[in-house]
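The chain contents come next:
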Amino acid sequence: MKKRGHYCKVCGEYKANEKFSGKGHSTHICKSCASLPPEKKSEQMTISRLSNLPWWLSKEQLQWLKNRLKDKRSEVRELAKEQYNMRFPPKDSFPFDD
């Protein structure tokens with residue numbers, strides 16, 4: 001089914017066209033997210049991107065994910081660690097190894 005409205009890349013939601021200003025249409029940022037401080041907007045955009053990563057990562061996406069493991073923001077770092085461990089589990093976590 002086709003999604004209605006526009007996608008906000010900060011909050012990760014599809015919203016009605018009225019929720020975007022003229023500049024927001026081209027940048028894909030809704031009015032409510034545009035009013036956020038830059039550091040909060042950046043953090044939310046990174047969290048949204050981490051939550052929407054595909055299962056199979058390209059080299060660029062993998063490098064981006066590894067860089068987020070060293071992020072100064074704790075929430076971003078924890079989510080990146082969780083995403084990385086889901087895709088590449090530690091070798092000692094397999095219960096059937098002898």
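In case you missed it, the structure is sitting above this.
Report follows, based on the coordinates. Note that the structure is predicted; figures quoted are calculated from it, not measured.

Right, let's talk about the nonpolar core for a bit. Formed by I47, L50, L53, W64, L65, V76, L79 and A80, the largest nonpolar core amounts to eight residues. Put simply, the parts of the chain that give this core at least two residues each are α3 (38–51), α4 (59–68) and α5 (74–87). Among the elements that make up this core, the one with the highest residue count is α5 (three residues). Beyond its immediate sequence surroundings of up to four residues, L50 is in contact with W64, L65, V76, L79, A80 and Q83. C8, V10, C30 and C33 belong to the second largest nonpolar core, which has six residues in total.

What follows is about the pattern of salt bridges. Applying the stated criterion across every chain, the model contains two salt bridges. Close ionic contact of R68 with D71 constitutes a salt bridge, the shortest N to O distance being 3.4 Å. Each member of the pair, R68 together with D71, is buried. One salt bridge connects D71 with R73, and the closest N-O pair in it is separated by 2.9 Å. Salt bridges linked by common partners bring R68, D71 and R73 together as one network.

Quick look at the environment of Y84 now. Considering the arrangement of structural elements, one finds Y84 in helix α5. Here the alpha-carbon distance between Y84 and L69, two residues 15 residues apart in the chain, equals 8.4 Å. Contact partners of Y84, with chain neighbours within four places excluded, come to L62, L65, K66 and L69.

All right, on to a nonpolar patch on the surface then. Nonpolar side chains collect at one region of the surface, where W55, W56 and M86 lie side by side and expose about 440 Å² of accessible area between them. Residue placement: W55 occurs in the loop between α3 and α4.

A few words on the packing of α3 against α5. Two numbers describe how α3 lies on α5: the axes approach to 10 Å, and their chain directions differ by 10°. With respect to their mutual orientation, α3 and α5 come out roughly parallel. Residues E43, T46, I47, L50 and S51 of α3 pack against E75, V76, L79, A80 and Q83 of α5. Counted by class, the contact of α3 with α5 contains five nonpolar, three polar and two charged residues.

Under the 1.5 Å per step criterion, the end-to-end length of α5 is 20 Å for 14 residues, consistent within 8% with the ideal 20 Å. For α5, the set of buried residues is V76, L79, A80, Q83 and R87. End-on view of α5: buried residues confined to an arc of 100°, all on one side of the axis. For α5, the elements touching its buried residues are α3 and α4.

Definitions and limits used
- Residues numbered from 1 in each chain as written.
- Predicted model: local features only at pLDDT ≥ 70, side-chain atom pairs only at ≥ 80, totals over all residues.
- Heavy atoms only, no water.
- Core = buried A, V, L, I, M, F, W, Y, C linked by side-chain atoms within 4.5 Å.
- Buried < 20%, exposed > 50% of the residue type's maximum accessible area, 1.4 Å probe, protein only.
- Helix = DSSP H or I, 4+ residues; strand = E, 2+ residues; numbered from the N terminus.
- Contact = heavy atoms within 4.5 Å.
- Salt bridge = Lys/Arg side-chain N within 4 Å of Asp/Glu carboxyl O.
- Patch = residues over 30% accessible without salt bridge, like charges linked within 9 Å, V, L, I, M, F, W, Y side chains within 5 Å.
- Areas by Shrake-Rupley, 256 points an atom, 1.4 Å probe, with all protein chains shown as cover.
- Axes fitted to C-alpha atoms, helices over the stretch in contact; angles between N-to-C directions.
- Parallel < 35°, antiparallel > 145°, perpendicular 65-115°, else oblique.
- Nonpolar A, V, L, I, M, F, W, Y, C, P; charged D, E, K, R; others polar.
- Expected span 1.5 Å × (residues − 1).
- Arc of directions from axis to C-beta.

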